[in-house]
Structure formats: structure tokens, C-alpha cells
Amino acid sequence: ETTSAFGEFFGQHGNFGVDVFFVISGFIMYHISKDGKESVSRFTVNRAFRLVPAWWFATFMLVACKFMFPRGFDYTDWSLKSLLSSLAFVPIDNPAGLGPFPPLVVGWTLNVEVSFYGLLCLCFAFGRFRFIACCAALMALPVVYDKEWFYGSVLGTRKLYEFVFGIAIGYIFNVLPGVVRWLRSEVMLGLSLLPVALALLYLDRDGMRSVAAATLV
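Fair warning: this is a prediction, and the values are worked out from it, not measured in the lab.

Q: Help me out: how do you make sense of the overall build of the protein in this one?
A: On a plain count of helices and strands, the protein comes out with 11 helices and 0 strands. Relative to its 217 residues, the protein shows a buried fraction of 39%. Here the analysis covers contacts within the protein between residues at least 6 apart in sequence; of these, 57% occur between residues at least 24 apart. Carbon together with sulfur atoms contributes 68% to the accessible area of the protein, which is approximately 12,800 Å² in total.

Next comes the structure, spelled out in C-alpha cells:
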């Protein structure tokens, strides 16, 4: 616990890195898939090889640590059902009563990330319009998908908007290179966006974290 304003700010907004991560992820997915040369099967295999081995290893390490040092990991728990769901990136309530978190609780971010990959894979069917279709789905789902439904903690979260911001930034980089070169040359303009992002984050209003993350990226 801290009594300083600085410590209180970062204690409250320390997880802001997750929002930045989602924006960057949207940007990267646009950059590597914009030309349409990668098939949906290749895209899926590449993403799986990057995520699954590391996630499974970290999850089983958590289970082992929970067994060996139960007091140090008493904030979380696991059952066979929650473990298998976690390995499959399916959100399920943590047996410790935390809500829809996997045994390795930070993995909720990967559930959101994998849902983005899944939507993008489905949108490959739209050809060169796949990112338009994906953005439309990402914008609509938090509005129409109830959080009480299956996968609702993922498909019903407004965190999905942050992937849209990332895709939009990627589009600007690709379609308007002149604007990007100008922005890179204006160092002071770039530096001025940092306090803007911090101010938006400090407001801590609905949606401001997403806008702050996009501004920072």
C-alpha cells in the first residue's frame, strides 16, 4: 500500500500495459496479414506455435508451484475442468472464486488475444475486406454479446476495441506513409502525445484506457 500520488497512480493503472499490448497486437496482425499472402491455415499454425508451448509450460509450472508452495499460491486454484479449459484458451470460473480467470490468472489476456485471432481467421473468408469485417465484428460484439453467455467474459469485453485501434494504426502506416514520415520527423509532436495519453489514463473513464493506449502506440 502506498500513500503517495505517484504510487497510487501506478498502483491503480499498472495493468495499463495490457491495453497497450492489445493495440500493438492489432497493429502487428494487420502488418503481417495485409497482403493476403498468408493462408488461414498458415496463420493459425504460426499463431499456435508462438502461443501454445509457452502457455502450456507456464500453466503446468503454476500447477507444480501450487502443489509445492500452497501458501504462496493461495490466491488461485485449479480443477481438472479449469485446467483443461485453460489449456484450450476457454474462460471458466477459477475454483478460488476469482471469476473467469484461468489458474495462471494473467492468462485471461491470452483468452482475449486468441479470440481476436479466431475472429480474424473467420474473416479471411472476406478476402481483401477481411480487416473491415474483423473490425466490424470487434466493434459489435461487446454491444450485442452478453457477458453471462458462454465466452462472454472475452467476447463481451470492450478490450476488443483496442485491436481495432491497432488495426487502424497499421492501416495508416501502410496507406499513408507520407503522414507517418512527417510524424516521425516531428519529435516534439510525438513527445507531446505522452502527457495526453497519461491524462486520458488519469481520467479513468469508460473507454479512456483504450484511447490512451492507442495514443501512446
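Q: How should I be thinking about the packing of helix α5 (residues 108-123) against helix α8 (residues 160-175) in this particular structure?
A: Helix-helix packing is characterised by the crossing angle of the two axes and by the distance between the axes. At a closest axis distance of 10 Å, the pairing of α5 and α8 adopts a crossing angle of 55°. Considering their axes alone, α5 and α8 lie oblique with respect to each other. The element α5 and its partner α8 pack so that their crossing is right-handed. Two secondary-structure elements touch here, α5 through V112, E113, S115 and F116 and α8 through L160, F163 and I167.

Q: Sorry, what's going on with empty space enclosed by the protein here?
A: The gaps left among the atoms become clear once a water-sized probe is rolled over them. Taken as a whole and assessed by the stated rule, the structure comprises 1 cavity of 30 Å³ or more. In this structure, the largest cavity spans a volume of roughly 40 Å³. Lining the largest cavity are S82, S85, S86, V90, P91, I92, F101, P102 and N111. Ranked by the residues each element gives to the lining of the largest cavity, the list is headed by helix α4 (residues 80-87), at 3 residues. The class makeup of the residues in the lining of the largest cavity is 5 nonpolar, 4 polar and no charged.

Q: Just checking my understanding: could you explain the pattern of salt bridges for this structure?
A: A side chain with one charge may pair with a side chain of the opposite charge, provided their charged atoms come close. For the structure on display, the rule yields 1 salt bridge. Two residues, K159 and D19, come together in a salt bridge whose shortest N-O distance is 2.6 Å. Placement of the pair is K159 in the loop between α7 (152-155) and α8 and D19 in helix α2 (residues 16-33), with a sequence separation of 140 residues. Each member of the pair, K159 as well as D19, carries the same accessibility label: buried.

Q: Looking at this model, I keep getting lost on unusual backbone geometry. Mind explaining?
A: As a rule of thumb, non-glycine residues mostly have phi less than zero, and peptide bonds are mostly trans rather than cis. Phi is positive for F89, close to 60°, though the residue is something other than glycine. Structurally, F89 can be placed in the loop between α4 and α5. Relative accessible area serves as the criterion here: at 8%, F89 is assigned to the buried category.

Q: What exactly am I supposed to notice about the packing of aromatic side chains here?
A: Two aromatic rings, taken as a pair, are described by how far apart their centres are and by the angle between their planes. Scanning all chains against the criterion turns up 14 aromatic pairs. On the basis of an interplanar angle of 80° and a centroid distance of 5.4 Å, the ring pair of F27 and F173 is categorised as edge-to-face. Taken as a pair, F27 in helix α2 and F173 in helix α8 lie far apart in primary sequence, 146 residues in all. In textbook terms, an aromatic cluster arises when at least three aromatic residues are bridged by ring pairs, as seen for F21, F22, F43, W108, F116, Y117, F124 and F163. A cation over an aromatic ring shows up here: R130 above the ring of F124, its NZ or CZ 5.5 Å from the ring centre.

Q: Can you walk me through the environment of R128 in this structure?
A: Tracing the sequence through the fold places R128 in the loop between α5 and α6 (130-144). Given a relative accessible area of 70%, R128 falls into the exposed group. A sequence separation of 92 residues divides R128 from G36, and the C-alpha atoms of the two residues are 7.1 Å apart.

Q: Any chance you could explain the nonpolar core here in plain terms?
A: Soluble globular proteins tend to pack their nonpolar side chains together in the buried interior. Ranked by size, the top nonpolar core spans 31 residues in total, and within it F43, F116, L120, L138, F163 and I167 carry the most contacts. Looking at this core, the elements with two or more residues in it are α2, α3 (40-68), α5, α6, α7 and α8. Here this core gets 8 residues from one element, more than from any other, and that element is α5.

Q: How should I be thinking about α8 in this particular structure?
A: Side chains that are three or four residues apart share a direction in an α-helix, a result of its 3.6 residues per turn. Spanning 16 residues, α8 covers 23 Å between terminal C-alpha atoms, matching the ideal 22 Å at 1.5 Å per step. By the burial criterion, the buried members of α8 are L160, Y161, E162, F163, V164, G166, I167, I169 and G170.

Reading the values: rules and limits
- Residues numbered from 1 in each chain as written.
- Predicted model: local features only at pLDDT ≥ 70, side-chain atom pairs only at ≥ 80, totals over all residues.
- Heavy atoms only, no water.
- Helix = DSSP H or I, 4+ residues; strand = E, 2+ residues; numbered from the N terminus.
- Buried < 20%, exposed > 50% of the residue type's maximum accessible area, 1.4 Å probe, protein only.
- Contact = heavy atoms within 4.5 Å.
- Areas by Shrake-Rupley, 256 points an atom, 1.4 Å probe, with all protein chains shown as cover.
- Axes fitted to C-alpha atoms, helices over the stretch in contact; angles between N-to-C directions.
- Parallel < 35°, antiparallel > 145°, perpendicular 65-115°, else oblique.
- Left-handed = near helix turned anticlockwise from the far one by under 90°.
- 1 Å grid on protein atoms, 1.4 Å probe; cavity = no way out; pocket = protein on both sides within 12 Å on 5 of 7 lines; lining within 4 Å.
- Points joined across faces, edges and corners; volume = space filled by probe spheres on them.
- Nonpolar A, V, L, I, M, F, W, Y, C, P; charged D, E, K, R; others polar.
- Salt bridge = Lys/Arg side-chain N within 4 Å of Asp/Glu carboxyl O.
- Phe/Tyr/Trp six-rings, centres within 6.5 Å; stacked < 30°, edge-to-face > 60°.
- Lys NZ or Arg CZ within 6 Å of the ring centre and 35° of its normal.
- Core = buried A, V, L, I, M, F, W, Y, C linked by side-chain atoms within 4.5 Å.
- Expected span 1.5 Å × (residues − 1).

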